[in-house]
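# Report on the structure
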Amino acid sequence: MTDRPPLVALDGVNKYFGSLHVLRDVTLSVGRGEVVVIIGPSGSGKSTLCRSINRLEPIDSGTIAVDGVPLPAEGRALAALRADVGMVFQSFNLFAHKTILDNVTLGPVKVRKLPRREAEQRARTLLDRVGIADQAGKMPAHLSGGQQQRAAIARALAMEPKVLLFDEPTSALDPEMINEVLDVMTSLARDGMTMIVVTHEMGFARRAADRVLFMDGGRVLEAGSPQEFFDNPQTDRARDFLSRVLHH
């Protein structure tokens, strides 16, 4: 093992929405190439945790660092950090008035200052990788939800991020489209991409995670390998949660 800092490190992170304490002293480190899947009931703080890592949600206390650098508050330094931290949202967030190819090339051209031809070449390679190379010239509205989400993954990858955050990436999809997105995510995990994934998909957590975190009430109650967590949860809350999601 090297003594390089973890790629993502949270220490004593707290977050309030008004009087609601949504993150309570969360401490977490994620190593390079690690896939961490965060699960838990609705309202447990999972998405807020995910969104705080690229400062879409500012935190109230504690520290968050990416690749050894504390999160900047705003300005250019924050924009640079966001370029290193890819984000895939529940609702795709593609630019509706731009083609899929333009959606994927925009960031590298504008933020990374890549020549357009090079950016387009990379974009086509990535669209091929996520299985929608033939959709490059279409507008997002002409794609299925599963295809739009795969385009959103390609767009995040085009920035060559150090870590990819996924905030419930399949929860807006019809059931038959979920696997096409999870298959792309599983292949990224196999290729060594550092990923933090908030999801309700227990099969993906079992298959692709290096570590599963179980959150409830703004706290990380358990963390372990998928096998440890699913076969032998340590807390009543986790046992109760699993009995409901795995057996209904």
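Residues numbered from 1 in each chain as written. Predicted model: local features only at pLDDT ≥ 70, side-chain atom pairs only at ≥ 80, totals over all residues. Heavy atoms only, no water.

### Details of the layout of surface pockets
As a reminder of what qualifies: Detection works on a 1 Å grid of protein atoms alone, calling trapped sets that fit a 1.4 Å probe cavities and calling open sets with protein on both sides within 12 Å along at least five of seven lines pockets, with lining residues defined by an atom within 4 Å of a point. Grid points are joined across faces, edges and corners, and a volume is the space filled by probe spheres set on the points. Secondary structure elements follow DSSP: runs of H or I of four or more residues count as helices, runs of E of two or more count as strands, with numbering from the N terminus. Polar here means any residue other than Ala, Val, Leu, Ile, Met, Phe, Trp, Tyr, Cys and Pro, which are nonpolar, and Asp, Glu, Lys and Arg, which are charged; Gly is therefore polar.
Taken as a whole, the largest pocket holds about 560 Å³ of empty space. In terms of lining residues, the largest pocket is bounded by 22 residues, among which R82, M87, G107, R155 and M159 are the most central. Among the elements of the structure, helix 2 (75-84), strand 6 (85-88), helix 3 (100-110) and helix 5 (145-158) are those that each provide at least two residues to the lining of the largest pocket. With 6 residues, helix 3 is the single largest residue contributor to the lining of the largest pocket. Residues belonging to the lining of the largest pocket are distributed by class as follows: 14 nonpolar, 5 polar and 3 charged.

### A few points about the pairing of strand 10 (residues 219-224)
The test is simple: Criterion used throughout: strands pair if DSSP finds at least two bridges between them.
Looking at chain direction, strand 9 (residues 211-216) and strand 10 are connected through 5 bridges and run antiparallel. The residue bridging M215 from the neighbouring strand is V220, located in strand 10.

### Observations concerning the pattern of salt bridges
For the record, the criterion: By convention in these notes, a salt bridge is any Lys or Arg side-chain nitrogen within 4 Å of a carboxyl oxygen on Asp or Glu. For the exposure calls, accessible area comes from a 1.4 Å probe over protein chains only, and a residue counts as buried if that area is under 20% of its type's maximum, exposed if over 50%, partly exposed in between.
Throughout the structure, instances matching the rule amount to 16 salt bridges. A salt bridge links R237 to D216; its shortest N-O distance comes to 2.5 Å. Taken together, the positions of R237 in helix 9 (residues 236-247) and D216 in strand 9 put the pair 21 residues apart, joining distant regions of the chain. Exposure remark for R237: the relative accessible area of 33% places this residue in the partly exposed category. The class of D216 is buried, set by a relative accessible area of 17%. A salt bridge links R244 to D240; the shortest N-O distance between them is 3.3 Å. With R244 and D240 both in helix 9 and 4 residues apart, this pair spans about one turn of that helix. In this structure, a network of salt bridges that share partners links the residues R32, D67, D84, R112 and K162.

### Some points on the packing of helix 3 against helix 4 (residues 116-129)
Helices that pack against each other are described as a pair by the angle of their axes relative to one another and the distance between those axes. Put simply, the rule reads: Helix axes are fitted to C-alpha atoms over the stretch in contact, other axes to C-alpha atoms as well, and angles between N-to-C directions run from 0 to 180 degrees. An angle below 35 degrees is treated as roughly parallel, one above 145 as roughly antiparallel, one from 65 to 115 as roughly perpendicular, and anything else as oblique. Note: crossing handedness is left-handed where the near helix turns anticlockwise from the far helix by less than a right angle, and right-handed where it turns clockwise. Contacts were defined at the residue level, with two residues in contact if any of their heavy atoms lie within 4.5 Å.
Helix 4 packs onto helix 3 with a crossing angle of 125 degrees between their chain directions and a minimal axis gap of 9 Å. Classified by the interaxial angle, the pair formed by helix 3 and helix 4 is oblique. For the crossing formed where helix 3 meets helix 4, the hand is right-handed. For the pair formed by helix 3 and helix 4, the contact residues are I100, L101, D102, V104, T105, P108 and V109 on the first element and R116, A119, E120, R122, A123, R124 and L127 on the second. Partitioning the contact of helix 3 with helix 4 into residue classes produces 8 nonpolar, 1 polar and 5 charged.

### Here we look at helix 5
Formally: By this rule the span expected of a helix is its residue count minus one, scaled by 1.5 Å.
With 14 residues, helix 5 should reach 20 Å at 1.5 Å per residue; the first-to-last C-alpha distance of 20 Å fits that figure. Most of helix 5 sits out of view: 14 of its 14 residues are buried. The first or second residue beyond helix 5 is E160, which carries a positive phi of 50 degrees.

### Some points on the sheet that holds strand 9
Strand pairing within a sheet occurs via backbone hydrogen bonds; the two strands may be parallel or antiparallel. A sheet is described by the order of its strands in space; here 6 strands give the open sequence 6-7-8-3-9-10, paired in mixed fashion. At either end of the open sheet lies a strand with only one pairing partner, and these are strand 6 and strand 10. Geometrically, the sheet is characterised by an average inter-axis angle of 20 degrees between neighbouring strands, direction not taken into account. Packing of helix 5 onto the sheet brings it into contact with strand 6 and strand 7 (163-167), and relative to strand 6 it is tilted by some 175 degrees. On top of the sheet, helix 6 (residues 175-190) reaches strand 3 (35-39), strand 7 and strand 8 (195-198); it is set at about 150 degrees to strand 8, its chief contact.

Everything listed here is a matter of coordinates, which is why it stays silent on function.
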